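Tertiary structure, described
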Amino acid sequence: MPATAIVNVGAMISGDVRAPLHRASSVLIEDGRIAAVGPDDAAVARATTVIDANGMTLIPGLIDSHTHPAIGEFTPRLNTVGWIESYLNGGITSMVSTGELHVPGRPRDPAGVKALAILAAKSYRNAPPSGVKMMGGTLILEPGLVEADFAEVAAHGVKAVKFIQEIADRAEAIQFSRWAKKHGLKVLIHCGGTSLPDVPTTTAKTIMEIEPDVLAHLNGGPTSLSFDDIDLLIRQTPWIIDLVRFGNPRAVLQMVKTILELDALERVVLGTDSPTGNGMEPLGMLHLLTFLASCTALPAEVAVCMATGNTARVYGFDTGFIAPGRAADLALIDAARGSYAPDALGGFALGDSPSVAMVMINGEIVVARSKMTVPTQRFYRFVRKG
Ligand SMILES: [Zn+2]
């Protein structure tokens, strides 16, 4: 069985917010999955390919918890193609769609929203763009859906629903949330101000009535709820806190304080909320991690686990952890050349976004050298190439 070993790793991030750093300097990959963390010398000797990481940092591939894909790698609002490959070069190997909102002429009737969700779910599952694992096809909720619609989309592989707009009938909205959960669908809700002309501003009260699973862009998308409402939702509910790059940065500072006070590390997932009118940002996840690690009390390695293992757990990805049995979706990162930081974690903490040396999906190298980041201080080499 062909195996790959990555040896001489500096810091290795586990994906687990409670134990973010592995005490190991090597991993063994077999059949696209992590076979061992810290394998013995004999296992490494048997590997057909051995990569010397040269002391760089190994992390699980980043999972962007908040994206707005459309179809393939085309993003209609920016009239741009190839955005997902660009994000892959920023260390992102999986993504969650929080609704295919930007499809031109997006349908608003039950048949149309179902069709769009099923098409996106199947298209992205059948053909992962640039290899990136996209959980596509989040059903955008519109008035008139009935329980059979939730059952139908779930049967076709849709994993989540999203409240982005006012369902005028509050009882209907609450019913939607219950039906979604009954059929195993995650309930996401837009938090904050109006993002598109048809998206209303929400409040903690209207959000709490719905009882979602995920508070999508709780720090705003792009404008936030009042800071009191944000605090209320963090303190008085158990729901997942989705924190995004294109939100309100000052809200993030307050939110992290509360999250640390409550020791609610497992509740946080990280995303970009892109591509949107704010643009596309291939390094958005790295920049968000850098902001968190350099401007809040959150340790960099914990923040990386929020962007990997936490998101994998919430959405059922078979990745996000460097642990036996998980898909070998990995990134080798290091301090950027020219940065005063000694390594990637130091770069995050210093405020210098680290660079990406290599990205792997299912044990295959998909980015041999990032075209998006500046060069890394060190670089890996093949000891043996099978
Ligand atoms: Zn969004």
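Below is a short write-up of the structure.

This part covers the environment of F348. Inspection of the secondary structure puts F348 in helix α11 (residues 344-350). Separated by 320 residues in the primary sequence, F348 and L28 place their C-alpha atoms 27 Å from one another. When near neighbours in sequence (up to four residues on either side) are disregarded, F348 contacts L286, L289, T290, A293, S294, A300, V304, I333 and P354.

So, about helix α3 (residues 110-126). Compared with an ideal rise of 1.5 Å per residue, which puts 17 residues at 24 Å, α3 spans 24 Å between its outermost C-alpha atoms and is within 8% of the ideal. Within the span of α3, buried status applies to G112, V113, K114, L116, A117, I118, A120, A121 and Y124. Of the surrounding elements, those touching the buried residues of α3 are α2 (83-88), β12 (133-135), β13 (139-140) and α4 (147-155).

Quick look at the pattern of salt bridges now. For the structure on display, the rule yields 17 salt bridges. One salt bridge in this structure joins R18 and D263, with 2.9 Å as the shortest N-O distance. Taken as a pair, R18 in the loop between β2 (12-13) and β3 (21-22) and D263 in the loop between α8 (249-262) and β18 (268-271) lie far apart in primary sequence, 245 residues in all. The class for R18 is partly exposed, based on a relative accessible area of 41%. Residue class for D263 comes out partly exposed when judged on its relative accessible area of 44%. The residue E209 makes a salt bridge to R170 at a minimum N-O spacing of 2.9 Å. With E209 in helix α6 (residues 204-210) and R170 in helix α5 (residues 170-182), this residue pair connects regions lying 39 residues apart in the sequence. Ionic contacts of the salt-bridge type, sharing partners, join the residues R18, D263 and E266 into one network.

Their axes nearest at 10 Å, the elements helix α7 (residues 227-236) and α8 cross at an angle of 25°. Taken together, the axes of α7 and α8 lie roughly parallel to each other. In the packing of α7 onto α8, the handedness of the crossing is right-handed. For the pair α7 and α8, contact is made by F227, I230, D231, I234 and R235 and by R250, A251, Q254, M255, T258, I259, E261 and L262, respectively. Here the contact of α7 with α8 is built from residues that sort into seven nonpolar, two polar and four charged.

Attention now goes to the nonpolar core. Within the largest apolar cluster, 80 residues are counted, with the highest numbers of intra-cluster contacts made by L218 and L270. Take this core: its biggest share by element is seven residues, from helix α10 (residues 300-315). With near-sequence residues (within four places) excluded, L270 lies in contact with I63, D64, S65, L243, M285, L288, L289, L292, A303, M306, A307 and T311. Ranked by size, the runner-up nonpolar core spans 19 residues in total, among them V9, I29, A328 and A357.

Another aspect to go through is the coordination of the zinc ion. Note on the zinc ion: its protein donors are H66 (NE2), H68 (NE2) and D273 (OD). The metal-donor distances range over 2.0 to 2.4 Å. Considered as a linear motif, the donors of the zinc ion on their single chain read H-x1-H-x204-D. Residue H68 is located in the loop between β8 (62-67) and β9 (74-75), and its partner D273 is located in the loop between β18 and α9 (284-295); the two are separated by 205 residues in the primary sequence.

This part covers unusual backbone geometry. Of note, the amide linkage connecting G221 to P222 takes the cis form, showing an omega dihedral of -5°. The topology assignment puts P222 in the loop between β16 (214-216) and α7. In this chain, S274 is followed by P275 through a cis amide linkage whose omega measures -10°. Here P275 shows up in the loop between β18 and α9. Even without being a glycine, D31 presents a positive backbone phi close to 50°. Within the secondary structure layout, D31 lies in the loop between β4 (27-30) and β5 (33-37). Residue D31 is classed as exposed on the basis of its relative accessible area of 58%. Phi at E211 is positive, roughly 55°, even though this residue is not glycine. Counting through the fold element by element, E211 comes out in the loop between α6 and β16. Take E211: its relative accessible area is 46%, and that puts it in the partly exposed class.

Reading the values: rules and limits
- Residues numbered from 1 in each chain as written.
- Predicted model: local features only at pLDDT ≥ 70, side-chain atom pairs only at ≥ 80, totals over all residues.
- Heavy atoms only, no water.
- Helix = DSSP H or I, 4+ residues; strand = E, 2+ residues; numbered from the N terminus.
- Contact = heavy atoms within 4.5 Å.
- Expected span 1.5 Å × (residues − 1).
- Buried < 20%, exposed > 50% of the residue type's maximum accessible area, 1.4 Å probe, protein only.
- Salt bridge = Lys/Arg side-chain N within 4 Å of Asp/Glu carboxyl O.
- Axes fitted to C-alpha atoms, helices over the stretch in contact; angles between N-to-C directions.
- Parallel < 35°, antiparallel > 145°, perpendicular 65-115°, else oblique.
- Left-handed = near helix turned anticlockwise from the far one by under 90°.
- Nonpolar A, V, L, I, M, F, W, Y, C, P; charged D, E, K, R; others polar.
- Core = buried A, V, L, I, M, F, W, Y, C linked by side-chain atoms within 4.5 Å.
- Donors = N, O, S within 2.8 Å, 3.2 Å for Na, K, Ca; no water.

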